[in-house]
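As a plain string of letters, each chain reads:
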Amino acid sequence: MPPSDYRLLLPDGWFRLHIDPDQRAGSIDALVNRQFEGTDSAPHIKQVLRQELLAQAEAAYAEGGIELYVSLQRAGALTVPASLLVSLVPPGPRGSAPTVQDLAARFSAEEEAEVSVADIPAGKAVRVRRTTGQPDRSVPVGGTGPSEALPSVTVQYQLPVPGTDGHLLLTFSTPLVRIADAMVELFDAVAGSLTWVDGEGRHE
């Protein structure tokens, strides 16, 4: 039988944002107010954070996401920026569901993508690590030179949902490329905590 849900263990300081249009604004306001609780001297920073989270939630929803988690975890005086978007990849035509090996072969054709098949408690998953932010010479800054995309590291886990032809996709991202390996270890640990839950709330 297909699972009724899934569970993930997130570090302290990671928060779930409701990204559907009806709940989005209220969820973001609650998070921002919680983050700045007891502080009335930073209205501009609160507004900037709210706008950034709103844009992130809108983009996640447009991409078919079902859940978005953002990190406001603190490391001393700094925030550790990262996010996790959970998406459900719908099945294709009957009988055409790709296997994990098919997906790995498909992603391996991409340049600069590190692809592997990972065994996690929830099953076999395709793991794809990418680093972006190289100059894009097709969109010059000021019309004279290469533009610079914001650097980021992403790690995706895609695995079949048991009993269905659909897939669950976990997309982790962080701009902290200088400590990418440490952040990727964290992402791998979160992905490794994924478990399926049956209709009676039991972990499979």
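Refer to the preceding data block for the structure.
Quick caveat, the model's predicted, so the values are computed rather than measured.

> Report on the packing of aromatic side chains, specifying residues and quantitative values.
A complete count under the given rule lists one aromatic pair for this structure. Where F172 meets F187, the ring centres are 4.9 Å apart and the plane angle is 20°; that geometry is what we call stacked. Taken together, the residues F172 in strand β12 (residues 167–174) and F187 in helix α4 (residues 180–192) connect sequence positions 15 residues apart. You can call F172 buried: its relative accessible area is 0%.

> Outline the sheet that holds β12, listing residues and values.
Here we have seven strands laid out as an open sheet, ordered β2-β3-β6-β12-β11-β8-β7, and antiparallel in their pairing. Only two strands of the sheet have a single partner each, and these edge strands are β2 (14–17) and β7 (113–120). For this sheet the average axis-to-axis angle between neighbouring strands, irrespective of direction, equals 20°. Examined bridge by bridge, strand β6 (residues 83–89) and β12 share seven bridges and lie antiparallel to one another. Bridge pairing links S83 to S173 in β12.

> I'd like to hear about the pattern of salt bridges, residue by residue, with values.
In the structure shown here, the tally under the stated rule is seven salt bridges. In this structure, the salt-bridge partner of D188 is R127, at a minimum N-O distance of 3.1 Å. Of the two residues, D188 is situated in helix α4 and R127 in strand β8 (residues 123–132); the sequence distance between them amounts to 61 residues. Since its relative accessible area comes to 25%, D188 is described here as partly exposed.

Each value, and the rule that gives it
Residues numbered from 1 in each chain as written. Predicted model: local features only at pLDDT ≥ 70, side-chain atom pairs only at ≥ 80, totals over all residues. Heavy atoms only, no water. Phe/Tyr/Trp six-rings, centres within 6.5 Å; stacked < 30°, edge-to-face > 60°. Helix = DSSP H or I, 4+ residues; strand = E, 2+ residues; numbered from the N terminus. Buried < 20%, exposed > 50% of the residue type's maximum accessible area, 1.4 Å probe, protein only. Pairing = 2+ DSSP bridges. Axes fitted to C-alpha atoms, helices over the stretch in contact; angles between N-to-C directions. Salt bridge = Lys/Arg side-chain N within 4 Å of Asp/Glu carboxyl O.

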